[in-house]
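What follows is the residue order along each chain.
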Amino acid sequence: MRDEIFRILEGPKPETAINILNVLGSLEYILPEISQLKGVPQSQPHYQDVYHHSLHTVKKLNEIYHLLSPEHDPEKGMNWASGYLSVRLGRFRKQFHSHFVKQLNPDRSHWSLTLFAALYHDSGKPIARSLSENGKIRFLNHENVGAALIHNRTRELKLSNIEIDWLGSLVKNHMRPLYLTKEGKLPSRRAVYRFFRDCGERGVDICMISLADILAAFGPTLDKDLWISHVNTINHLLESWWDKKTEYISPEKLLTGNDLIIKFDLKAGPVIGKLLSEILEGQAIGEIIDKEDAYKFAGEWLAANYGYISSKTG
């Protein structure tokens, strides 16, 4: 069953194949969490129930994948939204190809796993559904609920631990790029660093799912300004990952744990790891440039957070 599911996802129209399973009455036995999305309403800007939105997201994700592939035909199926996406992200075609050609498991393509995450990205909404005081439908924490659901389902399907963790992370973090989108303003260096600190290379998949999610949510009512801002945010994230990684994401460490132990007369422990992480973030956002800056920051951080004064300095 697992192998057939991923063969479906690798086919030309996976969203249609999934819906055929639904029509045949098989979906509730194969992927029950997806079957339970049927008829779950959503507030605007969504114009579909959660089930059809999820299928639409898979469809749009496949379209984006082909749009950004090295073999893309620029004369095929273009509109203003895909045109802007192609102009902004088309320079990353080779990077996208290299990223998705890497397999997490030899039995399944990386891309089919990303599509599976897109199918499950809103799977937590039926459980998380609530109504606000003004009657608006809300799905608070649905991404974490969905992450738990896809974790359980992929364990049932006997995927590898690497795949299970990867897919859970995609669903858990699928909203983050949208949260970083602000009209006319790109995410800060701190926000970019923290996104990739938490997501790593999974952030590329998450960016793709986020683009498809927006297109599927708005459909024909897609707001031009929002789309431009969101594509610019995704471009900024991917540029940081692929073009400025050593500057924005993983700068070379200025200090080691042993350096901090010797300088501040500390004992080995979790405080050292936390402090090294804070220093690395300071480097990534441009506030710590050299070792002198790093030691100064460390001293101030220890004093502020632990009231610590080195015995060597009195």
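Criteria and cut-off values
- Residues numbered from 1 in each chain as written.
- Predicted model: local features only at pLDDT ≥ 70, side-chain atom pairs only at ≥ 80, totals over all residues.
- Heavy atoms only, no water.
- 1 Å grid on protein atoms, 1.4 Å probe; cavity = no way out; pocket = protein on both sides within 12 Å on 5 of 7 lines; lining within 4 Å.
- Points joined across faces, edges and corners; volume = space filled by probe spheres on them.
- Helix = DSSP H or I, 4+ residues; strand = E, 2+ residues; numbered from the N terminus.
- Expected span 1.5 Å × (residues − 1).
- Buried < 20%, exposed > 50% of the residue type's maximum accessible area, 1.4 Å probe, protein only.
- Axes fitted to C-alpha atoms, helices over the stretch in contact; angles between N-to-C directions.
- Parallel < 35°, antiparallel > 145°, perpendicular 65-115°, else oblique.
- Left-handed = near helix turned anticlockwise from the far one by under 90°.
- Contact = heavy atoms within 4.5 Å.
- Nonpolar A, V, L, I, M, F, W, Y, C, P; charged D, E, K, R; others polar.
- Salt bridge = Lys/Arg side-chain N within 4 Å of Asp/Glu carboxyl O.

**Student:** Describe the layout of surface pockets, listing the residues and the values that go with them.
**Tutor:** Taken as a whole, the second largest pocket holds about 480 Å³ of empty space. Surrounding the second largest pocket, 22 residues form its lining, His-46, Lys-125, Phe-139, His-142 and Met-175 being those nearest its centre. Those elements that place two or more of their residues in the lining of the second largest pocket are strand E2 (137-139), helix H12 (176-179) and helix H14 (202-218). Sort the elements by how many residues they give to the lining of the second largest pocket and H14 lands first, with four residues.

**Student:** Go over helix H5 (residues 50-67), please, and point to the residues and values.
**Tutor:** The terminal C-alpha atoms of H5 lie 25 Å apart, and with 18 residues this matches the ideal 26 Å at 1.5 Å per residue to within 8%. Listing the buried residues of H5 in full gives Val-50, Tyr-51, His-53, Ser-54, Leu-55, His-56, Thr-57, Val-58, Leu-61, Asn-62, Ile-64 and Leu-67.

**Student:** Describe the packing of helix H13 (residues 189-199) against helix H15 (residues 224-242), and please don't skip the residues or the numbers.
**Tutor:** For the pair H13 and H15, the least separation of the axes is 11 Å and the interaxial angle reads 70°. On the basis of their axis angle, the class for H13 and H15 is roughly perpendicular. Between H13 and H15 the crossing geometry is right-handed. Contact with H13, carried on its side by Val-192, Phe-195 and Phe-196, involves His-236, Leu-237, Ser-240 and Trp-241 of H15 and no other residues of that element. Considering only residue class, the contact of H13 with H15 consists of five nonpolar, two polar and no charged.

**Student:** Which residues make up the pattern of salt bridges, and what are the values?
**Tutor:** One pass over the full model with this rule turns up 16 salt bridges. A salt bridge links Lys-125 to Asp-122, with the nearest nitrogen and oxygen atoms 3.2 Å apart. Notably, a salt bridge pairs Arg-190 with Glu-281, separated by 2.5 Å at the nearest N-O pair. You can see Arg-190 sitting in helix H13 and its partner Glu-281 sitting in helix H18 (residues 270-284), a full 91 residues away along the chain. Salt bridges sharing common partners tie together Arg-176, Arg-190, Arg-194, Arg-197, Asp-198, Glu-281 and Glu-287.

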